[in-house]
Amino acid sequence: MKYYLIVLLLFLSTPSHAEQALPAANCNKSNVSACMGMADRFFDVEKFEESLTYYESLCSLNVGKGCRRAAWIYSQVLDSSFELIEETNNKACSLGDMTGCNNLGSAYENNNQINKANALYRQACDGGNDLACNNLAVNFENGLGLEENYNKSAELYIKSCGFAFAKACKNAGDLYYYKFKDYKTALKWYKKACELGSGRACYDTAYQYKEGEGTKENIAKANTFYRKACELNDAKGCTALGKAYMDDNYKISNIKKDYSKGVSLFERSCKMGHGSGCYQLGSAYANGYGVQQSDSDALQFYHFGCAEVYNYSGSACYNAGWYHETGIVDARNVNLAKQYYAQGCESDHNYSCKNLAALDNPLFVDDANQAADPKVVFITQQQFNGDLGGSAGADAKCQAEADAPNSKVQGRVFKAWISGARKHDSVDAKRTLSRSKSSYQLADGSSIAKDFKSLVKTKPERFINMHANGKTSSERITLYAWSGLSARGETLKLNCSDWRSSSADDAGAMGDALEPILWSDFYQEECSEQLSLYCVEQ
């Protein structure tokens, strides 16, 4: 069966024996149809030079399509002179071939003759050519050789869309969305473009349903359009649909959590060159979601996502930088970290910018005594408002509890797990926290993490709800702690004005000792509230 199918396809796609007996030189007005059939069949199988001989003969017989196709081959295949392309397209246009008029206009626009181009676009559009209407609309929208006129642009996009040209429908949607801020009308044209096969328009439709722009929020319908976008090979649609499979939100999304399907979609979008898809795939490997956990594979996909050909995903660049800074896979490499943070910063990723700046004035430094005993972490019994006296004051509070008579960690040096207050004095500006290769544990010896990298890479193995005296607390109100740091140790924006404010109008980031994933960055709290501190041995 397969053999016969192949033979049939070959039969349909190549000239018949009768047609092969008709050389291009023998084309005349009595056999125009047969000659065009020969030319088109060669053209359709990309035998352009063979088809050109027929199109040239047809053009000499004043057949507009013959001239237009010959001009296309001169331009796109043979890289012929502008003069030859102009002459041949001009003849097609003069013979009433409106696509030829449009193509001549494009040739003029590419040759910086915008006024001639617009005149031809107008002529071809009036003659019913969808491409020309769209091209003229683009130039009205951008003021290219014409006075900028969004209303005229919209009229022309809609006219072109009426010829079932998906790109024009999509452009109409973009115009109403970005220029007119008319989300309801934008959605109408995005949906039309999606129906006509524009994957990106399906993505845009999905986005508006997700955000409730121009319509009622409908996550399930959004996912339906993300799926269609992906089916039409839109990488952003595949990434968005993949993220839906990673979430446990079936009641409103109509998609059941399925990590393996999410990973498959991320793989597809990453292969299509979507940096965000590569980032999501890297995160799946980093966390072991739907795949075997692998930091080396995670880093590889973060690298992909941060590459120029993948359009520089800021999140991918940031994660690649963090992996190199902390040495999760290989030895720490600050120079590589700077490169990736810098690219993430250029991609408007705020944390990349912050981490890049912090590398020149780091909060965390390697412990000089890498053979040291395990490091202890405890949470203070006492609570404090956000005015800690700066980070130096917070350190002093930790040390006071460590040195208390009933403490199990007397004689050791502790500092608060808290962001540095660097704007006020030299003591705070020079403050650092150690980054140890030794294990981290509670005051009774219970392990929290095997080393600093594990502490910031994964959640603590146990609740950090033990005080310096070895006693634990389960009273949740006492187990919220000021931090100003993410679980990765990154400085966050909210820090009670560098830990010198107790105002209810100010806020600081805080962690929850009974939520391992959110132990350092759970929420934000008013600086007037009383919270504990995490204290880390140095």
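Before reading further, recall that the structure is shown in the block above.
This one's a predicted model, so the numbers in the text were calculated from it and none came from an experiment. (Residues numbered from 1 in each chain as written. Predicted model: local features only at pLDDT ≥ 70, side-chain atom pairs only at ≥ 80, totals over all residues. Heavy atoms only, no water.)

## What to know about the overall build of the protein chain
Here's step 1: The helix and strand tally for the protein chain stands at 26 helices and 10 strands.
Here's step 2: The globule rule puts the C-alpha radius of gyration for 538 residues at 24 Å, and the 33 Å found for the protein chain is more than 25% above it.
Here's step 3: For the protein chain, buried positions account for 50% of its 538 residues.
Here's step 4: For the protein chain, the proportion of contacts with a sequence separation of at least 24, taken over those separated by at least 6, is 56%.
Here's step 5: Looking at the protein chain as shown, the accessible area adds up to about 25,800 Å², and 48% of this sits on carbon and sulfur atoms.
Here's step 6: The centroid of the 58 positive side-chain charges in the protein chain is displaced by 4 Å from the centroid of its 64 negative side-chain charges. (Helix = DSSP H or I, 4+ residues; strand = E, 2+ residues; numbered from the N terminus. Rg over C-alpha atoms; globule rule 2.2 N^0.38 Å. Buried < 20%, exposed > 50% of the residue type's maximum accessible area, 1.4 Å probe, protein only. Contact = heavy atoms within 4.5 Å. Areas by Shrake-Rupley, 256 points an atom, 1.4 Å probe, with all protein chains shown as cover. Lys, Arg positive; Asp, Glu negative; His and termini not counted. Charge placed at Lys NZ, Arg CZ, Asp CG, Glu CD.)

## Points about a nonpolar patch on the surface
Here's step 1: Together, W72, V77 and L78 give the surface a local cluster of nonpolar side chains, amounting to about 230 Å² of exposed area.
Here's step 2: Along the polypeptide, V77 turns up in the loop between α5 (64–76) and α6 (82–94). (Patch = residues over 30% accessible without salt bridge, like charges linked within 9 Å, V, L, I, M, F, W, Y side chains within 5 Å. Salt bridge = Lys/Arg side-chain N within 4 Å of Asp/Glu carboxyl O.)

## A word on the state of the cysteines
Here's step 1: Counted according to the given criterion, the structure contains 12 disulfides.
Here's step 2: The disulfide that involves C161 links it to C169, with 2.0 Å between the sulfurs. Linking C161 and C169, the disulfide has an S-S dihedral of approximately 95 degrees and is accordingly described as right-handed.
Here's step 3: Owing to a relative accessible area of 2%, C161 belongs among the buried residues under this scheme.
Here's step 4: A relative accessible area of 0% places C169 in the buried class.
Here's step 5: Two residues, C194 and C202, share a disulfide whose sulfurs are 2.0 Å apart. An S-S torsion of about 95 degrees defines the bridge between C194 and C202 as right-handed. (Disulfide = S-S within 2.5 Å.)

## Focus on the packing of aromatic side chains
Here's step 1: One pass over the full model with this rule turns up 31 aromatic pairs.
Here's step 2: Judged by centre distance (6.5 Å) and plane angle (50 degrees), the rings of Y177 and Y190 are tilted. You can see Y177 sitting in helix α11 (residues 166–179) and its partner Y190 sitting in helix α12 (residues 183–195), a full 13 residues away along the chain. Assigned by exposure class, Y177 and Y190 land together as buried.
Here's step 3: Plain terms: the ring middles of Y259 and Y289 are 4.8 Å apart, the flat faces sit at 20 degrees to each other, and that makes the pair stacked. In this pair, Y259 sits in helix α17 (residues 259–271) while Y289 sits in the loop between α18 (275–287) and α19 (295–305), placing the two residues 30 residues apart along the sequence.
Here's step 4: For Y289, a relative accessible area of 35% gives the class partly exposed.
Here's step 5: The structure contains a cluster of three or more aromatic residues connected by ring pairs, namely F364, W417, Y440, F452, W519 and Y534. (Phe/Tyr/Trp six-rings, centres within 6.5 Å; stacked < 30°, edge-to-face > 60°.)

## Brief notes about the pattern of salt bridges
Here's step 1: Using the criterion set out here, one finds 15 salt bridges in the structure.
Here's step 2: Two residues, D40 and K65, come together in a salt bridge whose shortest N-O distance is 2.8 Å. On the criterion of sequence distance, the pair formed by D40 in helix α3 (residues 32–44) and K65 in helix α5 is long-range, its members being 25 residues apart.
Here's step 3: Overall, D40 belongs to the buried group, its relative accessible area being 15%.
Here's step 4: K65 sits in the partly exposed class, given a relative accessible area of 26%.

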